[in-house]
Amino acid sequence: MTSPAIPDLLYSDVEDDLRAAVRAVLADRCGHAAVLGRIETAEPYDPALWRVLAAELGLAGLLVPEELGGQGASAREAAVVCEELGGAVAPVPFLGSAVLATTALLGCDTADPATAALLGRLAAGEATAALAVPLSAAPGDGFPATVHADGGGRLTGTVTSVADALAAEVLVVPALGPEGPGLYEVAADQVASERPVSLDLTRPLADLRFDGAAGRLLAGGDAAVAALERALLTGAGLLASEQLGLAQWCLDETVRYLGQRRQFGRVVGSFQALKHRLADLWLDVVSARAAARNAAGVLADRLSDPAEASLAVAVAQAYVSPVAVHAAEEAVQLHGGIGMTWEHPVHLYLKRAKADEIALGTPGRHRRALAVPVGLPPAA
Amino acid sequence: MGSVSAADVRGRVRALLAAWDQKADPAEFLRARFDAGLAWVHFPVGLGGLDAPRALQAVVNAELDAAGAPDNDPRRIGIGLGMAAPTILAYGTDEQKARFLRPLWTGEEVWCQLFSEPGAGSDLAGLGTRAVRDGDDWVVDGQKVWTSSAHTARWAILIARTDLDVPKHRGITYFVCDMTDPGVEVRPLRQITGEAEFNEVFLTGVRIPDAHRLGAVGDGWRVAQATLMNERVAIGGGASVPRESGMIGPVAATWRERPELRTPELHDRLLRLWVDSEVARLTAERVRQQMAAGTPGPEGSGLKLSLARLNQQLSGLEVELLGEQGLRYGDWAMVRPRSVDFYGRDAGYRYLRAKGNSIEGGTSEILRNIVAERVLGLPAEPRNDKDAAWKDLPR
């Protein structure tokens, strides 16, 4: 079994500063009352919050090189942002726009002036994009075939359950054209979009119908396939950090609550049955952090080694997804009756965690993806 | 600390290797290594170290391994290295340090630990072995248990009760016990594996000179905490471990070599455990990086919990995977191993021995209490044994 060097799994001073800046904005503008108040309105995303994060803090351009108008940061910094956004269940399209759509575009021809200009606008927070794939799409799934393009770049077909499309002006759409797979840029107002009822209230979905929408070819053939794969792989790797942030909040909040709540004349956090559950959850979160940091570090340092990047992402997703769900389930249970109420924010975390478990590949999907690369093939 | 560089250390290793007589007794080389300060570089000059950062030890070990130099077989003397030595360094007199540390490190004198008792396991502070002052000596009577290496040990670290009239944590004193004293009787304790890795140790009128006391009279609980803390700190000093280290290794090898044993259900369990093993490796690496950066966190205290669970699940899967072969067991003979070797034996042995991983060195239940109280800050269970005199506690 080969063992490539493990990346730096700690947080740098720059990353700590970035975390503090994001956390300060979220504490100020993304309290649970505000999120709960917004989720059932016509505008579940918070555009004002997104403007501050994307443009003022420059988060939308973290993964974009400086020469294209971005911050030239890496997956490490983006992962820290995902942790904080997950910890606040922030209703902003960071994953869809700044990670999935942006990474797909970076895999296209960035020397093309129109593509470079689009990346520049995304990086500056002047526009928001979404990658038109179902949120459940996984790396390695193969190129989708639900949208077709004609020779004139007109797109027809449907894509269901697209994350962050409701907040996007631009869609990056994988479609099968006359020459095979292609990635197309489509203006969102060219597309009929419906909003199904989503399990995750803070990352609502859209069903998209393309009815001859005008598209501009961004990449074709193998380049399109590779750009989509890179986007899904990066998205899945960074999603692990969002899941880590969710799990950490659930642990912290449950510890805090059990340190205050009294029954039988005692603080309930002094009961061993509950302490052991929280100690186990702490251990899960500690382990999840190592897995998520490793995925971010490998994506930052060794995206050029696709086998190693795929392995690190699959390990992180297979491990961290269930930890986030378990953390949210434990938080609901250990909060008792209050955990079942709409007014308490823990349900937002449970819904996000459960949706994230399906997003970008289920844990079982990621385990299966590991089997052959690590030399543990299935039964014949 | 910190004035010694990797280059200095490499220079010292070269000088040591230049003087190495490969035909001589390896112990001679080990003594020379100790005297050159290359035994444990973070120890003080004159006591086997260079007052250097702990991380430089990896440089020394790599250079000496590459040269094929003999080592001190650290697994055989783990209790001396991991527990006795740091405690002697922290609490010993100059005479004690000069007498004990060198032969401890070279392995010429093996150490064991006389802490647990039949009536004091998780509640170690409730121990009942008595030490009574008699002139310049202490006279010790009692029974200790789960003592690895007692049958090969020259010395033991021992905690005993010296005051019955104060609460249990305050009436304990820490000693170095001579295992050749005629009052020391070592009896093998046979385990579920068939072998006898541990011992019972009966202490009857054992005389310990007061000069072999470590720390103040009545301060033994605090000294013992240093011993137990060092057990955990040591984890961070090692090098990164390769993928599939540990118990996943033999299971994965069996899966690769025996395709006829594969089933879909076992496959998913194996992949889950492969992922868990890889994440445990990354978690240990993160703890190591924290130690190397001088920013240790609480994360290290969870490693043993993870490892115990993993070892048990992996060895259980391995026996099951083996099918008919899993019905058999290598050898129930009562042997007396010098160290625990999970990999020299069969899956059934690993399965049974791994059951000890969640008991030895702090049960997983006690470790969860420690995490909940010290890391998460949750309150302790109400207790009635903290302030009462030891002699008044129900037993």
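Each value, and the rule that gives it
- Residues numbered from 1 in each chain as written.
- Chains lettered and ligands numbered in written order.
- Predicted model: local features only at pLDDT ≥ 70, side-chain atom pairs only at ≥ 80, totals over all residues.
- Heavy atoms only, no water.
- 1 Å grid on protein atoms, 1.4 Å probe; cavity = no way out; pocket = protein on both sides within 12 Å on 5 of 7 lines; lining within 4 Å.
- Points joined across faces, edges and corners; volume = space filled by probe spheres on them.
- Helix = DSSP H or I, 4+ residues; strand = E, 2+ residues; numbered from the N terminus.
- Nonpolar A, V, L, I, M, F, W, Y, C, P; charged D, E, K, R; others polar.
- Domains from an automatic or database assignment.
- Salt bridge = Lys/Arg side-chain N within 4 Å of Asp/Glu carboxyl O.
- Contact = heavy atoms within 4.5 Å.
- Buried area = accessible area lost by both parts, 1.4 Å probe.
- Polar contact = N/O pair within 3.5 Å; in protein donor to acceptor, adjacent residues only side chain to side chain.
- Pairing = 2+ DSSP bridges.
- UniProt positions renumbered as here; feature names shortened; annotations may be inferred.
- Expected span 1.5 Å × (residues − 1).
- Buried < 20%, exposed > 50% of the residue type's maximum accessible area, 1.4 Å probe, protein only.

1. Here we look at empty space enclosed by the protein
All names here are of chain A.
Right, on to step 1. All told, the structure shown has three cavities of 30 Å³ or more when counted by the stated rule.
Right, on to step 2. Empty space within the largest cavity amounts to approximately 70 Å³.
Right, on to step 3. Those elements that provide at least two residues to the lining of the largest cavity are α4 (75-87) and α5 (94-106).
Right, on to step 4. Residue classes in the lining of the largest cavity are distributed as six nonpolar, no polar and three charged.

2. Some details on the layout of surface pockets
All names here are of chain A.
Right, on to step 1. Empty space within the second largest pocket amounts to approximately 460 Å³.
Right, on to step 2. Surrounding the second largest pocket, 20 residues form its lining, R23, E84, G87, A88 and W249 being those nearest its centre.
Right, on to step 3. Broken down by secondary-structure element, the contributors of at least two residues to the lining of the second largest pocket are α1 (13-29), α4 and α7 (222-258).
Right, on to step 4. Here the lining of the second largest pocket is built from residues that sort into seven nonpolar, five polar and eight charged.
Right, on to step 5. Each of two domains, domain 1 (13-127) and domain 3 (228-371), supplies a minimum of three residues to the lining of the second largest pocket.

3. Considerations on the pattern of salt bridges
Right, on to step 1. Counted by the stated rule, this structure contains 56 salt bridges over all chains.
Right, on to step 2. Ionic pairing is found between R367 of chain A and D268 of chain B, a salt bridge with its closest N-O pair at 3.0 Å. Pair noted here: R367 of chain A is in helix α11 (residues 363-371) and D268 of chain B is in helix α8 (residues 264-292), and the two residues belong to different chains.
Right, on to step 3. Note that D35 of chain B and R102 of chain B form a salt bridge whose closest N and O atoms lie 2.7 Å from each other. Taken together, the residues D35 of chain B in helix α2 (residues 26-35) and R102 of chain B in helix α5 (residues 94-106) connect sequence positions 67 residues apart.
Right, on to step 4. In the salt-bridge network here, residues are joined through shared partners; they are R19, R23, E83, E84 and R289 of chain A.

4. Re the interface of chain A and chain B
A common way to state how big an interface is: give the accessible area lost once the parts meet.
Right, on to step 1. Chain A puts 49 residues into the contact, and the matching count from chain B is 47 residues.
Right, on to step 2. Taking both partners together, chain A and chain B bury about 4100 Å²; carbon and sulfur atoms supply 67% of that area.
Right, on to step 3. Per-residue buried area on chain A facing chain B is highest for W282, R367 and L376 of chain A; these three make up 17% of the total on that side.
Right, on to step 4. Taken together, the links from chain A to chain B amount to six salt bridges.
Right, on to step 5. Taken together, chain A and chain B are joined by 17 residue pairs in polar contact (both at pLDDT 80 or more).
Right, on to step 6. Contributing elements (two or more residues each) for the side of chain A that touches chain B: α7, β9 (266-267), α8 (272-301), α9 (306-334) and α11 of chain A.
Right, on to step 7. Class assignment of the residues belonging to the side of chain A that touches chain B gives a composition of 29 nonpolar, ten polar and ten charged.

5. Some details on the pairing of strand β2 (residues 130-134) of chain B
Residue and element names in this part refer to chain B.
Right, on to step 1. Sheet analysis places β2 next to strand β3 (residues 137-145), joined by five bridges and oriented antiparallel. By the bridge assignment for β3, A131 is matched with V140.
Right, on to step 2. Here β2 folds back onto β3, and the loop between the two strands holds two residues, one of which, G135, carries a positive phi near 65°.

6. What about the UniProt feature "domain: Acyl-CoA dehydrogenase/oxidase N-terminal" (unreviewed entry) in chain A?
Right, on to step 1. The UniProt feature table records "domain: Acyl-CoA dehydrogenase/oxidase N-terminal" (unreviewed entry) at residues 15-98 of chain A.
Right, on to step 2. Taken end to end, residues 15-98 of chain A is 60% helix and 0% strand, and its first and last C-alpha atoms sit 17 Å apart.

7. Regarding α5 of chain B
Residue and element names in this part refer to chain B.
Right, on to step 1. Here α5 contains 13 residues, and its C-alpha end-to-end distance of 19 Å stays within 8% of the 18 Å for a straight helix at 1.5 Å per residue.
Right, on to step 2. Within α5 the residues assigned to the buried category are Q96, K97, F100, L101, P103, L104, W105 and T106.
Right, on to step 3. Of the surrounding elements, those touching the buried residues of α5 are α2, α4 (78-91), β1 (111-114), β4 (155-161), β5 (172-178) and β8 (213-214).
Right, on to step 4. Following α5 by one or two positions, G107 adopts a phi angle in the positive range, close to 85°.

8. Quick word on the environment of A196 of chain B
All names here are of chain B.
Right, on to step 1. Mapping A196 onto the fold places it in the loop between β6 (184-189) and β7 (198-209).
Right, on to step 2. Along the backbone, A196 and I88 are 108 residues apart, and their C-alpha atoms lie at a distance of 28 Å.
Right, on to step 3. Excluding its chain neighbours within four sequence positions, the residues that come into contact with A196 are P188, L189, R190, Q191, M334, V335, R336 and P337.

9. Some thoughts on the pairing of strand β4 (residues 170-177) of chain A
Residues and elements named next belong to chain A.
Right, on to step 1. With seven of its eight residues buried, β4 lies for the most part within the structure.
Right, on to step 2. Of the strand pairs in this sheet, strand β1 (residues 129-131) and β4 are connected by three bridges, and their pairing is parallel. Residue pairing across strands places A129 opposite V170, the latter belonging to β4.
Right, on to step 3. In this sheet, strand β5 (residues 180-187) lies alongside β4 in antiparallel orientation, the contact comprising eight bridges. Residue pairing in the sheet places G177 in a bridge with G180 of β5.
Right, on to step 4. Between β4 and β5, which pair antiparallel in sequence order, lie two residues.

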